[in-house]
Amino acid sequence: MRDLKEYDYSALLLNLTTSSLNKAQRRWRFAYAAIYSVRAMLSLVKEIVPARIDPKTSDAPLSLSYTALESGDGAKINSMPLSYVPDIDQEQLVEIMKGKDLPRILALGGLEGVAASLRTNATKGIHGNEQEVSRRRDLFGSNTYHKPPPKGLLFFVYEAFKDPTILILLVCATFALGFGIKEHGIKEGWYEGGSIFVAVFLVIVVSALSNFRQERQFDKLSKISNNIKVEVLRDSRRQHISIFDVVVGDVVFLKIGDQIPADGLFLDGHSLQVDESSMTGESDHLEVNHKDNPFLFSGTKIVDGFAQMLVVSVGMSTTWGQTMSSINQDSSERTPLQVRLDTLTSTIGKIGLTVAALVLVVLLVRYFTGNTEKEGKREYNGSKTPVDTVVNSVVRIVAAAVTIVVVAIPEGLPLAVTLTLAYSMKRMMSDQAMVRKLSACETMGSATVICTDKTGTLTLNEMKVTKFWLGQESIHEDSTKMISPDVLDLLYQGTGLNTTGSVCVSDSGSTPEFSGSPTEKALLSWTVLNLGMDMESVKQKHEVLRVETFNSAKKRSGVLVRRKSDNTVHVHWKGAAEMVLAMCSHYYTSTGSVDLMDSTGKNRIQAIIQGMAASSLRCIAFAHKVASNDSVLEEDGLTLMGIVGLKDPCRPGVSKAVVTCKLAGVTIKMITGDNVFTAKAIAFECGILDHNDKDEEDAVVEGVQFRNYTDEERMQKVDKIRVMARSSPSDKLLMVKCLRLKGHVVAVTGDGTNDAPALKEADIGLSMGIQGTEVAKESSDIVILDDNFASVATVLKWGRCVYNNIQKFIQFQLTVNVAALVINFIAAISAGEVPLTAVQLLWVNLIMDTLGALALATERPTNELLKRKPVGRTEALITNVMWRNLLVQSLYQIAVLLILQFKGMSIFNVRKEVKDTLIFNTFVLCQVFNEFNAREMEKKNVFKGLHRNRLFIGIIAITIVLQVIMVEFLKKFADTVRLNGWQWGTCIAIASLSWPIGFFTKFIPVSETPFLSYFKNPRSLIKGSRSPSLKKP
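Each residue is numbered by its place in its chain's sequence as written, counting from 1. Selection of residues for local features in this predicted model requires a pLDDT of at least 70, selection of side-chain atom pairs for listing and counting requires 80 or more, and totals for whole chains, interfaces and linings are taken over all residues. Only heavy atoms go into the side-chain values, all of them from the structure, while hydrogens and water stay out.

The name given to the protein chain in an unreviewed UniProt entry is Calcium-transporting ATPase, with Arabidopsis lyrata subsp. lyrata as the source organism. UniProt positions are given in the numbering used here, feature names are shortened, and annotations may be inferred rather than shown by experiment. What UniProt states about the protein chain under its Subcellular location (unreviewed entry) heading is, verbatim, "Membrane". Among the UniProt annotations of the protein chain, the heading Catalytic activity (unreviewed entry) holds the following wording: "Ca(2+)(in) + ATP + H2O = Ca(2+)(out) + ADP + phosphate + H(+)".

## Notes on empty space enclosed by the protein
Only protein atoms enter the 1 Å grid used here. Points where a 1.4 Å probe fits but cannot escape make up a cavity, open sets with protein on both sides within 12 Å along at least five of seven lines make up a pocket, and a residue lines them when an atom lies within 4 Å of a point. Grid points are joined across faces, edges and corners, and a volume is the space filled by probe spheres set on the points. Evaluated as defined, the whole model comprises 3 cavities of 30 Å³ or more. Approximately 70 Å³ is the volume found for the largest cavity. As for the largest cavity, its lining consists of Q811, T815, N885, L886, Q889, N930, N933, G998, T1001 and K1002. Secondary structure follows DSSP: runs of H or I at least 4 residues long count as helices, runs of E at least 2 residues long count as strands, and numbering of each begins at the N terminus. Those elements giving two or more residues to the lining of the largest cavity turn out to be α29 (789-831), α31 (880-908), α32 (912-933) and α36 (994-1001). Ranked by residue count, the leading element in the lining of the largest cavity is α31, at 3 residues. Looking at the lining of the largest cavity, its residues break down into 1 nonpolar, 8 polar and 1 charged. Under this grouping Gly is polar, as are all residues other than the nonpolar Ala, Val, Leu, Ile, Met, Phe, Trp, Tyr, Cys and Pro and the charged Asp, Glu, Lys and Arg.

## Overview of the UniProt feature "transmembrane region" (unreviewed entry) in the protein chain
The feature "transmembrane region" (unreviewed entry), as annotated in UniProt, sits at residues 164-181, 193-212, 348-368, 397-423, 814-832, 838-857, 951-970 and 982-1004 in this numbering. End-to-end, the C-alpha atoms of residues 193-212 are 28 Å apart, and along that stretch the chain is 100% helix and 0% strand.

## Brief notes about helix α35 (residues 981-992)
The span you would expect from a helix comes to 1.5 Å times its residue count less one. For α35, with 12 residues, the first-to-last C-alpha span of 16 Å sits near the 16 Å given by 1.5 Å per residue. Per-residue accessibility, obtained with a 1.4 Å probe over protein chains only, is compared with the maximum for each type, and a residue is labelled buried under 20%, exposed over 50%, and partly exposed between these values. Residues of α35 that are buried include every one of Q983, W984, T986, C987, I990 and A991, and no others. Seen along its axis, α35 keeps its buried residues to an arc of 160°; they face one direction. Across from the buried face of α35, at angles greater than 90 degrees, the exposed residues are G981 and W982. Here a residue-residue contact requires only that any non-hydrogen atoms of the pair lie within 4.5 Å. Turning to α35, the residues buried within the fold contact α31, α32, α33 (950-968) and α36. Residues adjacent in sequence count toward polar contacts only when both atoms are side-chain atoms; beyond that, a polar contact is any pair of N or O atoms within 3.5 Å, and within protein one must be able to donate a hydrogen and the other to accept it. The backbone nitrogen of W982 lies 3.2 Å from a side-chain oxygen of the residue at the head of α35, namely N980. In this context, the arc is that of the directions from the helix axis out to the C-beta atoms.

## Describing the pairing of strand β14 (residues 464-470)
Look at any regular strand and the pattern is simple: side chains alternate between the two faces of the sheet. If DSSP finds at least two bridges between two strands, the strands pair. Summarising the sheet, β14 and strand β24 (residues 638-647) pair through 5 bridges and their orientation is antiparallel. Pairing of W469 across the sheet is with I643, part of β24. Two elements, β14 and strand β15 (residues 473-474), share 2 bridges in a ladder whose sense is antiparallel. Considered in β15, the bridge of L470 is made with E473. Following β14, the chain reverses through 2 residues before pairing antiparallel with β15; G471 in that reversal takes a positive phi of roughly 65°.

## Description of the sheet that holds strand β25 (residues 667-671)
In spatial order, the strands read β12-β30-β29-β28-β13-β25-β27-β26; together these 8 strands make up an open sheet with mixed pairing. Edge positions in the sheet fall to β12 (433-435) and β26 (700-702), since each has one partner strand and no second. Ignoring strand direction, the axes of neighbouring strands in this sheet form an average angle of 20°. Pairing between strand β13 (residues 449-452) and strand β28 (residues 746-750): 3 bridges, direction parallel. Note that in β28 the partner of V449 across the bridge is V746. Note on method: axes are straight lines fitted to C-alpha atoms, helices fitted across the in-contact stretch only, with angles between N-to-C directions ranging 0 to 180 degrees. Its contacts with the sheet place helix α22 (residues 676-686) against β25, β26 and β27 (723-725), and it is angled at close to 150° to β27.

## Some points on the pattern of salt bridges
Put simply, a salt bridge is a Lys or Arg side-chain nitrogen that is within 4 Å of an Asp or Glu carboxyl oxygen. Enumeration over the complete set of coordinates arrives at 30 salt bridges. Notably, a salt bridge pairs R556 with E635, separated by 2.7 Å at the nearest N-O pair. Taken as a pair, R556 in strand β19 (residues 556-563) and E635 in the loop between β23 (617-626) and β24 lie far apart in primary sequence, 79 residues in all. Note that E968 and R978 form a salt bridge whose closest N and O atoms lie 3.9 Å from each other. In this pair, E968 is assigned in helix α33 and R978 in the loop between α34 (971-974) and α35, connecting sequence segments 10 residues apart. Linked through salt bridges whose partners overlap, the residues forming this network are K454, R618 and D674.

Written out as structure tokens, the structure reads:
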């Protein structure tokens, strides 16, 4: 009988007459009528009752999600899921999970009863259509946590106001405004104080906007990093969804290393052990099973086994969600570079404070001794001078001194770090790298060694069985029919039952879908498509008694099964070929006979394994034994069934990435669990090993060999090692520790749970986004989203770019600081006045701090960065090259501006106001031209790649336009006068000389000894003068 749609029911009832029906058909007519009536009534209820039903107050009856009626000919009619009110509400589920209330679960009919209450089919999952998922989300909530609201713009404005120098300037501005209005009236008197107010306000707003923007950027990246992919069962298919899309009733697949995405109950699985230390603080692993403890909690980790879980609570209803809601997470992470910059900022600030204090004292002494004049008259005449005038003058002097402090303190340094880190993080996301810890951005630039996995990182992780040996016979694709049915049956058991993968066969009969790890998918695909296995049939004929899941220490997995037909118990092992071979005493032949494996036979099979491994094949062996008991997986006296060779080709571009890293002075070490022959073949293919390498014997070791070295031998040989085969996670950890002890900055890639210690121990932990477990990702600093080694090389380039951009900005800012401090100090002592007013200095501060940081911190990385040696751990932040560049530029600016200060009026034949404007204009334009010089610290061509950085060009254009406005239109605000074309030309010509000076400066050789060390050890100054290229101490 054909399937009936909902609209067929009424037609059927109208068209059929009672007389034309037999007894059975009349019964079916009655059943259809009953169903149709119920649906009609439910549709009316759905229209009347609001779409969102509160599960706490609703007691309405529940209709089944799936209605299956068997018609006369045995066909099944499945209706679409109906909207429902659950038999069990969210409050009950939360209470059951919170109290681990097993009796209550039993009262509901056990796990099956809970699943039925939630309308979940344990073998098919829930319907995956949007209507069903949305309905469940409405009833039980979404799988998201309530977080404190992000910091708004006003918060950052308030933070900016807390700066003491800003507060002092505001007080000074208030006094200046009051005295100015009192002396000159509101029309003319507000300019000086008002100008300072506007300038301070501008600095605060720009600073707050920049910080607010970066906070938003980090918040977005945080959301991306928390978006874990979860494997669920929907519509009978395993599929990956976002953790945020998990709903109550979902069946979730869990394996080693997974983070549990929601609270749930154990449905099915084996050997499941959970680490609940994140919730309970207990380090002991907890066993989870049907009988005693079926409870699984969100946020905990799977450390062994695998399982299927029924989700019963999500989001804020979970135990983890309730805990997280009471925690206000602070994202104010300080990176090592930021800490170093804080120290630098503090040192420069102290120097600026000292200069400002001296300027303040000198100006006050000159004022009160009558050595200052205003409009040709002495400003201070003792008791004859009004108090208001004295206070106004003192306020102006204090404002000038405080402004010097504002310019001297490089507030832009932290901003530059934040900008470059945020910019780099955003760009790295598009380059397939997600930064989890900010410090990794800068540390990666210093990496000297990268320890990388093979599978999935250097290779594509797209496995395919290309060779199969049954005992000592090579079986080709066209000769599989020659294999004995008994041996085939054992192979079916060995692949179909000893696996964490699955096979989904669609009703249409198209090619089956295989899920699981790439290795599992390849083996299942080969057994199903080449050997003709029916996985569902194999499962039905056997009962799984015990499972030992694969782990990277044993490199094998096992299963104990009972064959239902004869009640015999069988042990199956699968894993690394040499490991499994060592457990075997016999082997099968294609005819089904069992032969003894003597030393000659074992040597032949080892030679077969080595031959496949030398062809870059991963070798997996299967072994079997009829067990003597049903409680232990026996590990000796097994019979070898066969060996398969899986081809996993190298990723395109890996060889180029390895060469790039080598040119950058970074050593690549491959650490793999594969045997030594496979490892060597891949290492040669990728370029990690070179056929011309004389130390090939020392370059390749096995894990057991490395761990058995003495401490002295290990430290002596670790630098030469390029490949470590058959390694365990503890071997990887040991190598990382040795390399760090030798002073290396180590980056490590890892994807397994057992890689977590090595990822944490390394300076930079790089986990894999596709194959990596959640435990590995949580232990890492950066997640490589495409699992590709080429992306690791890209991360290296970005790491160097971060460090380089910050150094560019430091060089640019210190040039301005030195010039501004020296000019104001000399002018104050000699002439009793500062050439740059408070407003002008605040404008320079804005150019230097915010706009300068934005321009220089967003330079993209170049390939030239990878031609330099790595930056050492303790290398000076301000290099000798930077000191050379900034001191030459500062001296030029100081010389020019002091000449303008003392001789400008006579040289240009202008009045004092024009001279002061020329000084201000020239100083600002010098910074604009010097910003180009700062783009390259060592290269002479500072314009290379300029067209690609539109932001830099835009900021330079904005700065110039604003400067023109300041000089030509905001005369009273900026205390300037208009300049004619010749005067503008003169300012531009003087400033543009920064370019040729910068070009020729780069011909001056510099010593390798850090510049500041000369002042700590004067004797090194003498040594340094003798040799132009000293080695680092």
